[in-house]
Amino acid sequence: MKLSVHKDEYFMGEALKQAELAAREGEVPVGAVVVAEKRIIARAHNQTEMLTDVTAHAEMLAITSAFNAIGAKYLNECTLYVTLEPCVMCAGALYWAQLGKLVYGAADEKRGFSRHDKNLLHPRTEMTSGLLKENSEKLLKEFFARLR
């Protein structure tokens, strides 16, 4: 059991590194990694400003990269680690990708999918929330404090 927690923390730590990169680039600090067979197959961070694309969320970019990495359109054997709870758009994409497991850090009180409909994920998708939540929340608070 401890090995699993340690492994999850490692992968979430990698997602946090992506979130830090996003913050340095002036993007909302959200990072994501997709893991298959205990290795990272995709990394991404928010790029909505850089790409001038409102759909360029970390999750969307990460799953697109993961599809390319495995050469398939379903991620049912994969885990997505993301620093912030996915929005409704991202949850819908994760549904269609048939994601195996979602692990997120901070809850998104305003735009998180679970505020709208907890059934937006595929019925077989496992979910864990709150992993390294404080780290994710700190990045977000610092980012938005700098904007004010």
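Residues numbered from 1 in each chain as written. Predicted model: local features only at pLDDT ≥ 70, side-chain atom pairs only at ≥ 80, totals over all residues. Heavy atoms only, no water.

Looking at an unreviewed UniProt entry, one finds the protein named tRNA-specific adenosine deaminase and attributed to Roseivirga misakiensis. Quoted straight from UniProt, the Catalytic activity (unreviewed entry) entry for the protein says "adenosine(34) in tRNA + H2O + H(+) = inosine(34) in tRNA + NH4(+)". Per UniProt, the comment on the protein under Subunit (unreviewed entry) is "Homodimer." (UniProt positions renumbered as here; feature names shortened; annotations may be inferred.)

Q: Kindly report on the packing of aromatic side chains, identifying the contributing residues and their values.
A: This structure, assessed with the given rule, holds four aromatic pairs. Ring plane angle 80 degrees and centroid distance 5.3 Å describe the contact between Y95 and W96, whose orientation is recorded as edge-to-face. Owing to a relative accessible area of 29%, Y95 belongs among the partly exposed residues under this scheme. A ring pair is formed by F143 and F144, whose centres lie 5.1 Å apart and whose planes are at 80 degrees; its orientation type is edge-to-face. (Phe/Tyr/Trp six-rings, centres within 6.5 Å; stacked < 30°, edge-to-face > 60°. Buried < 20%, exposed > 50% of the residue type's maximum accessible area, 1.4 Å probe, protein only.)

Q: Any details on the nonpolar core? Residues and values, ideally.
A: Formed by 30 residues in total, the largest nonpolar core has its most connected members in V34, L80 and L102. Elements with a minimum of two residues in this core: β1 (31-36), β2 (39-45), α3 (58-70), β3 (78-84), α4 (88-97) and β4 (101-106). Those residues in contact with L102 that sit more than four places away from it in its chain are L80, V82, P86, L94, F113, L121, T125, E126, M127 and T128. Counting nine residues, the second largest nonpolar core, distinct from the first, contains F11, M12, A15 and V103. (Core = buried A, V, L, I, M, F, W, Y, C linked by side-chain atoms within 4.5 Å. Helix = DSSP H or I, 4+ residues; strand = E, 2+ residues; numbered from the N terminus. Contact = heavy atoms within 4.5 Å.)

Q: Go over the sheet that holds β2, please, and point to the residues and values.
A: Ordered in space as β2-β1-β3-β4-β5, the five strands form an open sheet in which the pairing is mixed. Since the sheet does not close on itself, it has two edges, and those belong to β2 and β5 (126-129), each with one partner. Across the sheet, the mean angle from the axis of one strand to that of its neighbour is 15 degrees, orientation sign disregarded. Relative to β3, β1 is paired through five bridges, and the arrangement is antiparallel. (Pairing = 2+ DSSP bridges. Axes fitted to C-alpha atoms, helices over the stretch in contact; angles between N-to-C directions.)

Q: Go over the environment of E20 with me, naming the residues and quoting the values.
A: In this fold, E20 is placed in helix α1 (residues 2-24). Between the C-alpha atom of E20 and that of E9, which follows or precedes it by eleven residues, the distance is 16 Å.

Q: Give me the lowdown on the UniProt feature "binding site: Zn(2+)" (unreviewed entry) in the protein, citing residues and values where you can.
A: As recorded in UniProt, the sites labelled "binding site: Zn(2+)" (unreviewed entry) are H57, C87 and C90. The greatest C-alpha distance among the residues just named is 9.2 Å, despite their covering 34 residues of sequence, which places them together in space. Of the annotated set named above, H57 and C87 line the largest pocket. Here H57 lies in the loop between α2 (48-51) and α3. Filtering out sequence-adjacent residues up to four positions away, H57 remains in contact with N46, T48, C87, M89 and C90. Within the fold, C87 resides in the loop between β3 and α4. (1 Å grid on protein atoms, 1.4 Å probe; cavity = no way out; pocket = protein on both sides within 12 Å on 5 of 7 lines; lining within 4 Å.)

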